[in-house]
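The primary structure of each chain is shown beneath.
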Amino acid sequence: MCLGIPAQIVRIDDAERMLATAEVGGVRRQVNIMCIVDEQHAPEACVGDWVLLHVGFALSRIDAAEAAETLRMLGELGEVQAELDAMGQSR
Amino acid sequence: MKYIDEFRDRDKAATLVREISKIAQSFRQDRPIQIMEVCGGHTHAIFRYGLEGMLPEQIELVHGPGCPVCVLPMGRIDDCLAIATQPGVILTTFGDAMRVPGSRGSLLQAKANGADIRMVYSPSDALTIARANPDREVVFFGLGFETTMPSTALTVLEAERDGIGNFSVFCNHITIVPTIKAILDSADLRIDGFLGPGHVSIIIGTNPYEFIAQHYRKPMVVSGFEPLDVLQSIWMVLRQLAEGRAEVENQYARVVSAGGNAAALRAIERVYELREFFEWRGLGSIDYSGVRFRKAYERFDAECRFAVPNVQIADPAACQCGDVLKGALKPHQCKVFGTACTPETPLGALMVSSEGACAAYFRYAAKAA
Ligand code: SF4
């Protein structure tokens, strides 16, 4: 639950509520983007961002190369699947 | 160094290991240098990449109490079960929390016995369940350090905003700074330096750790989670020790700032206040180490809404989780490690989650040894 996973924001669902759709490994789900939005970075600007996703909340933006590397490492260890299963289970 | 070939930049990893060995050899002391990783995520990374095996023997990694699932005492699980089995309640929580043993079994066992307990990925999913079941009481068993604290807070704020009356949280969130302070104050501890938690620090920043360097004169390096991050952070701690410095350094600056995440901190500040004390498995009670909801959010607090027995139960006598948490024992030195206590049948909490030192040790190190 503390590990988190990189995911990409693909769509803004509700800018006022800070809800967006994120995708990783073909799995999509709604996430909260409150923590990555500020005056310099409006909700609309988040589309395409790679973020560190923790229990459905984007904690921080990360660069695409780092996201790819983290996913590669987690993938080798079978941990991407575990996280994706968790993401899927309660929807 | 059996895993080093798989690293993204193996030259860099090899160089770091060389530099670490060089510094380690320059220390003249009769005991190993002890570096504690505070965060369970680091414990996990250290084991799965076999990092410990790459380090010279003068360096000992001590796996700290940073797994929030592992440190929950049995009494809190029993309290949670008491809430879960009240009529009309749907209890929701993270998968990791389901297997933690209480004195009368785990949540998973209670679910098998008919309690309506549902695993969720996110607290926001618990709120969704509350919306879909207006005639039921939906309780989220919230736990974690500052990494998950904002997610619970933001979910409660959303419940408030939408006027959702059948949602509450059994709040077991804990806070990192008093915990580190308790470790630093314990008499039998000889930690030389710390790896600081990466994701907690995204939220709180590096400023709150300054007391570790200034007051306790210990180096602290906030670290990322990739193997190279951890190796580099160990090297940074050693360099401080070699140069006689004690500072808070930030290896994970690509996501961690000095001041933390303003939006998350605002949500935390708004919803929670410190508890005077909070009970930890293996460590006893630590002052101001837990949080509860402020008065204004009391109606979302399951401890106010339900009769919670508030039981205190000693850890099983055979458990040596406390000694492992403080670094006094290695996991495999516990009397019941791998026999009475395994990931399938955890006796102590450190065996429950993949971030717990014993489970990590069982899965990776015990096999390699
Ligand atoms: S082996 Fe089990 S009882 Fe012993 S310290 Fe580890 S988790 Fe606790």
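Residues numbered from 1 in each chain as written. Chains lettered and ligands numbered in written order. Predicted model: local features only at pLDDT ≥ 70, side-chain atom pairs only at ≥ 80, totals over all residues. Heavy atoms only, no water.

Across its full length, chain B holds 15 helices and 13 strands. Relative to the 2.2 N^0.38 estimate, which gives 21 Å for 369 residues, the radius of gyration of chain B is 21 Å and therefore close to what a compact globule would have. A principal-axis box enclosing the C-alpha atoms of chain B has dimensions of 65 × 45 × 40 Å. In chain B, 76% of the contacts between residues at least 6 apart in sequence involve partners at least 24 apart. A total accessible area of about 14,000 Å² is found for chain B, and carbon and sulfur atoms account for 50% of it. If the 38 positive side-chain charges of chain B are averaged to one point and the 42 negative ones to another, these points end up 1 Å apart. (Helix = DSSP H or I, 4+ residues; strand = E, 2+ residues; numbered from the N terminus. Rg over C-alpha atoms; globule rule 2.2 N^0.38 Å. Contact = heavy atoms within 4.5 Å. Areas by Shrake-Rupley, 256 points an atom, 1.4 Å probe, with all protein chains shown as cover. Lys, Arg positive; Asp, Glu negative; His and termini not counted. Charge placed at Lys NZ, Arg CZ, Asp CG, Glu CD.)

Right, let's talk about the overall build of chain A for a bit. Broken down by element type, chain A carries two helices and five strands. Of the regular secondary structure in chain A, the N- to C-terminal order runs β-β-β-β-β-α-α. Per-residue burial over chain A gives 55% buried out of 91 residues. Put simply, 46% of the contacts in chain A that link residues at least 6 apart link residues at least 24 apart. For chain A, the exposed surface amounts to about 3,800 Å²; the carbon and sulfur share of it is 51%. Chain A carries 7 positive and 15 negative side-chain charges, and their two centres are separated by 7 Å. (Buried < 20%, exposed > 50% of the residue type's maximum accessible area, 1.4 Å probe, protein only.)

Turning to the pairing of strand β2 (residues 19-24) of chain A, a few remarks are in order. Residue and element names in this part refer to chain A. Extensive coverage of β2 is indicated by the burial of five of its six residues. Pairing geometry for strand β1 (residues 5-14) and β2, over five bridges, is antiparallel. In the sheet register, Gln 8 faces β2, and the bridge partner there is Glu 23. Linkage of β2 to strand β3 (residues 27-32), two consecutive antiparallel strands, is achieved through a turn of two residues, within which Gly 25 is found at a positive phi near 55°. (Pairing = 2+ DSSP bridges.)

As a further point, take the site of the ligand. Taken together, the residues surrounding the ligand are Cys 319, Gln 320, Cys 321, Val 324, Cys 334, Val 336, Phe 337, Cys 341, Gly 348, Leu 350, Met 351 and Cys 358 of chain B. Of the residues belonging to the shell around the ligand, the class tally is 10 nonpolar, two polar and no charged. (Near = heavy atom within 4 Å. Nonpolar A, V, L, I, M, F, W, Y, C, P; charged D, E, K, R; others polar.)

A separate point is the interface of chain A and chain B. Listed by partner, the interface residues are 34 residues for chain A and 43 residues for chain B. Each partner contributes to the roughly 3,300 Å² buried at the junction of chain A and chain B, and carbon and sulfur atoms together form 57% of this total. Where chain A packs against chain B, one counts five salt bridges. The salt bridge partner of Arg 161 of chain B is Glu 16 of chain A, with a shortest N-O separation of 3.5 Å. The tally of links between chain A and chain B comes to nine residue pairs in polar contact (both at pLDDT 80 or more). For the side of chain A that touches chain B, the secondary structure elements donating two or more residues are β3, β4 (50-54), β5 (57-62), α1 (64-76) and α2 (79-89) of chain A. Partitioning the side of chain A that touches chain B into residue classes produces 16 nonpolar, seven polar and 11 charged. (Buried area = accessible area lost by both parts, 1.4 Å probe. Salt bridge = Lys/Arg side-chain N within 4 Å of Asp/Glu carboxyl O. Polar contact = N/O pair within 3.5 Å; in protein donor to acceptor, adjacent residues only side chain to side chain.)

Before going further, it helps to spend a moment on the environment of Ala 97 of chain B. Its location among the elements puts Ala 97 of chain B in the loop between β3 (89-93) and α5 (107-112). Taking the C-alpha atoms as reference, Ala 97 of chain B lies 9.0 Å from Met 119 of chain B; in sequence the two are 22 residues apart.

Once that is clear, we can look at the sheet that holds β3 of chain B. Residues and elements named next belong to chain B. Pairing within the open sheet is parallel, and its four strands lie in the order β4-β3-β5-β6. Because the sheet does not close on itself, it has two edges, and the strands there are β4 (117-119) and β6 (167-173). Going from strand to strand, the sheet's axes swing by 25° on average, the running direction of each strand aside. Relative to strand β5 (residues 137-144), β3 is paired through four bridges, and the arrangement is parallel. (Axes fitted to C-alpha atoms, helices over the stretch in contact; angles between N-to-C directions.)

All names here are of chain B. An order of β2-β1-β7-β8-β9 is seen for the five strands of this open sheet, with the pairing classed as parallel. In the strand order of this sheet, the two ends are held by β2 (59-66) and β9 (248-250), each with one partner. The sheet shows a mean angle of 20° between the axes of neighbouring strands, direction not considered. Sheet topology note: the strand β8 (residues 220-222)/β9 ladder contains three bridges and is parallel. When the bridges of β9 are listed, Met 220 appears paired with Val 248. Taken strand by strand, helix α8 (residues 176-185) contacts β1 (33-39), β2, β7 (193-196) and β8, and its axis lies near 155° from that of β1.

Bringing the domain arrangement of chain B into the picture now. Residues and elements named next belong to chain B. As assigned here, chain B comprises domain 1 (1-67 + 177-219 + 229-243 + 315-369) and domain 2 (74-174 + 290-305). Facing the 16 residues of domain 1 at the interface are nine residues of domain 2. Three residues, Val 200, Ile 203 and Val 352, lead the burial of domain 1 against domain 2; their summed loss comes to 40% of the area buried on that side. At the boundary of domain 1 with domain 2, the tally comes to zero salt bridges. Every element with two or more residues in the side of domain 1 that touches domain 2 is listed here: β2 and α9 (198-204). Residue contributions to the side of domain 1 that touches domain 2 peak at four residues, all from α9. (Domains from an automatic or database assignment.)

It is worth spelling out the environment of Phe 141 of chain B at this point. All names here are of chain B. With respect to the helices, strands and loops of the structure, Phe 141 is situated in strand β5. C-alpha separation for the pair Phe 141 and Val 169, spaced 28 residues apart in sequence, amounts to 5.9 Å. Ignoring anything within four residues of it in the chain, the contact list for Phe 141 reads Leu 72, Ile 77, Cys 80, Leu 91, Thr 92, Thr 93, Ala 97, Leu 107, Phe 170 and Asn 172.

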